[in-house]
Structure formats: structure tokens, C-alpha cells
Amino acid sequence: PIRPDWALFAEILTILIFGGAVIALTRLSGVSWVSVLVIGSGALAAAASVYMYVRLGALIDAAFPVLTILMTGATGIAQRMISEYRLKLQIRGQFGTYVSPDLVRQLENDPSLLRLGGETKTMTFLFCDIVGFTPISEKLQEDPQKLVGLINRLLTQLTDCVLKHGGTVDKFMGDCIMAFWGAPLDCKDHAQRAMLTAKDMLGLLDELNAQLDADDLPNLNVGVGVHSGPCVVGNMGSEARFDYSVLGDSVNVASRLEGQTRNYDEWILIGENTAKYQPDWVRYVDAISVKGKSEPLHVYTLKDEIVDVAN
């Protein structure tokens, strides 16, 4: 066997071609495809070396190209796995306590579903606030830990209602909770899910108030405002500190509707935009004026019996 003058050039060319392909595929594709390319290219280079030796008597050393391909592939796979793991940790840290575990798993498995810059979407928003909180806070003013425990117990159950129906908890504002549907994952039935959440929120109060009666505490009620419309959703805040949140007139309307529940016998007020998504679930309440709106808003509430078609 002889070693041709062009053997070194062929070995370097093999390294450049297959090594470059491995690097490119590492950036563009998943770990499994990179593994296939590494094994396949290494086997091809070794087979070509054996063929040249057996058939032509030419000695082309495949050891260095194969070793280089394997090292390049292993490094690329390790970097890709670390990058994907960090992305999953970031998603879990940002959304783990605000959306349901099922949605978090979807985002972890397919991060492309998550678009984090500001984008305009049509969504549904819900505000829920405790009504008649002052008497309880006054009665428990000498035992603030008991008051905090009571509020946390209620907010935990309200949060569970939101997560149960695939919503995102945006923030807690004292004894008020803000949630929305339609982000970070698209949700066609966002309005129906929000209305079902409002229904469940009122339902859980029966059991909680029975416990409050046993503890000789005033009953709790909540006011719920629900409205749908366009908004901008994404990371809001400064470069150093930001949150995933929403901005828009529809968000403000939902908050105003929640505040208007004190003026009616209904604990749930629903905007007209939301009511249009499921008109057989609602009944008309009134036309009301809210701050920032020149025209009165037609508001609705949920009927006593609604059929769950959202899940």
C-alpha cells in the first residue's frame, strides 16, 4: 500500500465537510438528527478508507477525521442539550407558578409556541376581588397572621380555578387576582374558559363561607369582571426587571366591570365582547358608564345553569 500525495488534503477536506455539516445541523436541528449525522459520517469516512486500501492500495487515514467528527458532534450535542435545558428552566421559572402544569410542559416541549416580544392578540381578561373585606380585616386586626392565612387560602382556591381552565395568572394586587386567556399559548375558546372560571370562583365560596361561619367570621364574597378584546401581550418592564403581562383598553374594562359588581345584585359582570362568544350562557343586566368610556357598556351576567362546552 502507498500513501498518495493528496491523502492529507482528502483527510482535511473530509474533516471540513462533515465537521461543518455537524456544526450546522447542531444549530438547526434536534439532538437526534445530529447523532445520526455523526454516526453516519464517521461510518462513511471509515468505509471510504477501507475501500481505498482494499481496492486501490491507497492508504487514507480515517482515524483523525472520524475522531474529529465524533468530538465535534459530542460537543455540539452537549451544547444543544445545555441550551435546551436552560430554556426549559427559564420557561418554568417564568410561567411555572402562573399557568397550569400542562401548559408549562407544552412550552417546554415546543418553545417555538412562546413568542416573548410584544404582540397584538385578542384575549379575555378576568379580575376577581374580595367584596366586604373591611369587616373581616377589622375583626382580625389583632391577629394579622390569621388574616393573611385566610386571604392566602382564598387566593389559592381562586388561582386553582384559573389554572383548571387553562388561564394565566398575571398578578395579585392585594386581595385582587388578575388573569387572562389566550397567551402565552393560543386559545380559541378563551372567552368560554374565562366565564367558566368565574362560575367556579363563586361556587367555591359556599364551602369556604361554611368554614368562616364555624369560625364566627363574616362571609366572603367576590366580584368578578370579565371582558374580551385586543391587547398587547409580552414582556413588560425595564431591561433589568420585567414580567410577562398585558396592556390594552380591554384589560381596563374588565377591571372596571369588577368594580361595578358592588352596584348590582350580580357578583359577575361580563362585557358584551365576551358575551358574544357564548350568548346562550348569559343574560342582560344593564348599560353602564365606566371611567374612560364615552359610550355606555352593555353588560351581562352568567345564567344559573350553563353547559360546559369549553373543556
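In what follows, the accompanying structure is described. Being a predicted model, the structure only gives us computed values, none of them experimental. (Residues numbered from 1 in each chain as written. Predicted model: local features only at pLDDT ≥ 70, side-chain atom pairs only at ≥ 80, totals over all residues. Heavy atoms only, no water.)

### A closer look at helix 8 (residues 249-260)
For step 1, the next point in the chain: The end-to-end C-alpha distance of helix 8, which contains twelve residues, comes to 17 Å, matching closely the 16 Å that a straight helix rising 1.5 Å per residue would cover.
For step 2, the next point in the chain: For helix 8, the complete set of buried residues consists of S250, V251, V253, A254, L257, E258 and Q260. (Helix = DSSP H or I, 4+ residues; strand = E, 2+ residues; numbered from the N terminus. Expected span 1.5 Å × (residues − 1). Buried < 20%, exposed > 50% of the residue type's maximum accessible area, 1.4 Å probe, protein only.)

### Focus: helix 6 (residues 144-164)
For step 1, the next point in the chain: Compared with the 30 Å implied by 1.5 Å per residue over 21 residues, the 30 Å span of helix 6 between its first and last C-alpha is a close match.
For step 2, the next point in the chain: Once helix 6 ends, the next one or two residues include G166, with phi positive near 75°.

### Things to note about the pattern of salt bridges
For step 1, the next point in the chain: Scanning the model with the defined rule gives seven salt bridges in all.
For step 2, the next point in the chain: A salt bridge links D186 to K121, with the nearest nitrogen and oxygen atoms 2.5 Å apart. Taken together, the positions of D186 in the loop between strand 3 (176-181) and helix 7 (190-214) and K121 in strand 1 (residues 119-131) put the pair 65 residues apart, joining distant regions of the chain.
For step 3, the next point in the chain: The exposure class assigned to K121 is buried, which follows from its relative accessible area of 11%.
For step 4, the next point in the chain: D170 is paired through a salt bridge with K171; the nearest N and O atoms lie 2.3 Å apart.
For step 5, the next point in the chain: Given a relative accessible area of 9%, D170 falls into the buried group.
For step 6, the next point in the chain: Accessibility expressed as a relative area gives 31% for K171, which makes it partly exposed.
For step 7, the next point in the chain: Among the charged side chains, a salt-bridge network with shared partners connects D129, E258 and R262. (Salt bridge = Lys/Arg side-chain N within 4 Å of Asp/Glu carboxyl O.)

### Looking at the environment of I306
For step 1, the next point in the chain: With respect to the helices and strands, I306 occurs in the segment after strand 8 (297-302).
For step 2, the next point in the chain: Relative accessible area serves as the criterion here: at 12%, I306 is assigned to the buried category.
For step 3, the next point in the chain: As a C-alpha pair, I306 and K199 span 107 residues in sequence and 9.1 Å in three-dimensional space.
For step 4, the next point in the chain: Setting aside its immediate chain neighbours within four residues, I306 contacts L196, K199 and W281. (Contact = heavy atoms within 4.5 Å.)

### Details of the nonpolar core
For step 1, the next point in the chain: L154, M201 and V224 are the most contacted members of the largest nonpolar core, which totals 40 residues.
For step 2, the next point in the chain: Of all the secondary-structure elements, those providing two or more residues to this core are strand 1, helix 6, strand 3, helix 7, strand 4 (221-237), strand 6 (268-271) and strand 8.
For step 3, the next point in the chain: The contact partners of M201, leaving out residues within four places of it in the chain, are L126, C128, L158, C161, V162, I177 and V224.
For step 4, the next point in the chain: Residues M123, F180, V246 and V251 belong to the second largest nonpolar core, which totals 13 residues. (Core = buried A, V, L, I, M, F, W, Y, C linked by side-chain atoms within 4.5 Å.)

### Thoughts on a nonpolar patch on the surface
For step 1, the next point in the chain: Residues W6, F9, L13 and I17 make up a contiguous nonpolar surface patch of roughly 440 Å² in combined accessible area.
For step 2, the next point in the chain: Relative to the assigned elements, W6 resides in the segment before helix 1 (7-28). (Patch = residues over 30% accessible without salt bridge, like charges linked within 9 Å, V, L, I, M, F, W, Y side chains within 5 Å. Areas by Shrake-Rupley, 256 points an atom, 1.4 Å probe, with all protein chains shown as cover.)

### What about the packing of aromatic side chains?
For step 1, the next point in the chain: Enumeration over the complete set of coordinates arrives at one aromatic pair.
For step 2, the next point in the chain: Ring centres 5.4 Å apart and planes at 75° place the aromatic pair Y284 and Y300 in the edge-to-face group. Here Y300 lies in strand 8 and Y284 lies in strand 7 (residues 282-288), a separation of 16 residues in the sequence.
For step 3, the next point in the chain: Since its relative accessible area comes to 43%, Y284 is described here as partly exposed.
For step 4, the next point in the chain: Relative accessible area serves as the criterion here: at 17%, Y300 is assigned to the buried category. (Phe/Tyr/Trp six-rings, centres within 6.5 Å; stacked < 30°, edge-to-face > 60°.)

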